[in-house]
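A look at the structure
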Amino acid sequence: MQNSSPEKVTPVLTGNPVISATGLFTPEDSITNEELVESFNAYVERFNTAHAVAIAAGEIEPLAPSSVEFIEKASGIKARHVMSKAPILDPDIMAPRWEARSNEEFSMMAEIGVAAARQALERAGRDPGDVDAVLCAASNMERPYPAMAIEIQQALGIDGFGFDMNVACSSATFGIQTAADYIRSGNAKSVLVVSPEITSGHLNWRDRDSHFIFGDVATAVLVEDAAIAPAKHWDILGTKLKTVFSNNIRNNFGFLNRAHPESAGTADKLFVQEGRKVFKEVVPMVAQMIVDEAARLGIDPQALRRLWLHQANAGMNRLISHRVLGHEATDDESPTVLDTYGNTSSAGSIIAFHLNSDDLSAGDTGLICSFGAGYSAGTVFVRKAA
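Residues numbered from 1 in each chain as written. Predicted model: local features only at pLDDT ≥ 70, side-chain atom pairs only at ≥ 80, totals over all residues. Heavy atoms only, no water.

**Some remarks on the overall build of the protein chain**
Heads up, the rule is: By the criteria applied, helices consist of DSSP H or I runs no shorter than four residues and strands consist of E runs no shorter than two, each listed in order from the N terminus. Only protein chains enter the accessibility calculation, which uses a 1.4 Å probe. A residue is then buried if its area is under 20% of the maximum for its type, exposed if over 50%, and partly exposed in between. Residue contacts are counted whenever heavy atoms from the two residues lie within 4.5 Å of one another. Only the protein chains shown count as cover for residues, with accessible areas throughout obtained via the Shrake-Rupley method and a probe of 1.4 Å. Asp and Glu are treated as the negative residues and Lys and Arg as the positive ones, with His and the ends of the chain left uncounted. Every charge is mapped onto a representative atom, which is NZ of Lys, CZ of Arg, CG of Asp or CD of Glu.
Secondary structure summary: the protein chain contains 11 helices and 13 strands in total. In the protein chain, buried positions account for 52% of the 386 residues. Considering only residue pairs separated by 6 or more positions, the protein chain has 78% of its internal contacts joining residues 24 or more positions apart. For the protein chain, the accessible surface area stands at approximately 18000 Å², while carbon and sulfur atoms represent 51% of it. Put simply, the protein chain has 32 plus and 48 minus side-chain charges, and the middle of one group is 5 Å from the middle of the other.

In structure tokens, the structure reads:
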């Protein structure tokens, strides 16, 4: 009598979303503040020399040099990873440069997104064929269409669907809630949220107030039904999203720029912000949002074991964590990756979670939180599974 192989048992889905694993791609090259300041100040000196007559006549303002001390006091950033280091540091270029890829070649955003996604899948022990959807959630897309998410889906061999979403620095948390909603509704059992952030492309490296802010990276978050999740996962206790329109962080680059070509290359087609206004308005909004959502979920915010906050500014994180926890947060309670990664837009809080979550114990609760342009803000309360 021939033995029949046992049938694969399909687990009964629970509709309860969890984070099964995360992945991270980090570019090899990093720019220190010292390197950045040397490059920027060389540009300033060249500019002021070339425009000396106009400056003396009061027709234009001279550019002011930057300093390591200024950067670290303003932001807490000490270095940032980038996909293209040498051209950014070249005073004649001061922007990333690489060879254009044909339509038949792998797109750069898809390439680094797939690297992060593969790591997340490997950490979860998940086959790509078991994933139902890919959401590419990032602040700037390489192109309008085909969607980056569909290219990532194709590269991974996922038979499902994918789409792009952009909510600036909150893209990843908005993506997590979207994925969690698919799980809750039964429309998917496994969803990849991929955030390839090549922010060096939208940064004005010749602007003293912002040239130090951003870095490049890619993250991935695998959101799944609890029934199929690995033993080591994070239960999603609740998610909350909020948007409030503001021009204080803006980027005007888009395909309609060709309708007014005379302004196509102006500075507002890159990242611009009113930093002090952002600080003043976003900190109380986000802190209150966290406290209110914790109350709705029956969670004592001061009992949160760890906060994985958006990595934009050390001062903002210090104030928000103090208002939530009721005391000055330690590095253990609110870890930072801002110092070595810079602001990586939507990926920042995910990097912090990826690198600073394995040490927590079963039952510990924490918060993944984003905030930024829009304004947009997102909270994801999680608990480590027993």
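From this point on, the discussion continues.
**Some thoughts on the pattern of salt bridges**
What counts is decided by this rule: A side-chain nitrogen of Lys or Arg and a carboxyl oxygen of Asp or Glu constitute a salt bridge if their distance falls within 4 Å.
For the structure on display, the rule yields 13 salt bridges. The closest approach of N and O atoms between glutamate 35 and lysine 85, which form a salt bridge, is 3.1 Å. With a gap of 50 residues between them, glutamate 35 in helix H1 (residues 33–50) and lysine 85 in helix H4 (residues 85–89) connect regions that are remote in the sequence. By relative accessible area, which is 27% here, glutamate 35 ends up partly exposed. Given a relative accessible area of 21%, lysine 85 falls into the partly exposed group. Arginine 143 is paired through a salt bridge with glutamate 151; the nearest N and O atoms lie 2.8 Å apart. With relative accessibility at 21%, the residue arginine 143 sits in the partly exposed group. Taking the relative accessible area as the measure of exposure, glutamate 151 reaches 18% and is therefore buried. Three or more residues are tied together by salt bridges with common partners; here these are Arg305, Arg306, Asp332 and Asp359.

**Examining the nonpolar core**
The condition that has to hold: Only buried Ala, Val, Leu, Ile, Met, Phe, Trp, Tyr and Cys residues count toward a nonpolar core, and they belong to the same one when joined by side-chain atoms within 4.5 Å.
If you look at the biggest cluster of nonpolar residues, it comprises 43 residues, and the most contacted ones within it are Val286, Ile290, Leu304, Ile320 and Phe371. Looking at this core, the elements with two or more residues in it are H1, helix H3 (68–75), H4, helix H8 (275–297), strand E11 (306–309), helix H9 (314–325), strand E12 (365–372) and strand E13 (376–384). Take this core: its biggest share by element is 8 residues, from H8. Those residues in contact with phenylalanine 371 that lie beyond four places of it in its chain are Cys169, Ser170, Val282, Val286, His310, Met316, Asn317, Ile320, Ser376 and Ala377. Core analysis: the next-biggest nonpolar cluster, separate from the first, contains 27 residues, Val167, Val223, Ile236 and Trp308 among them.

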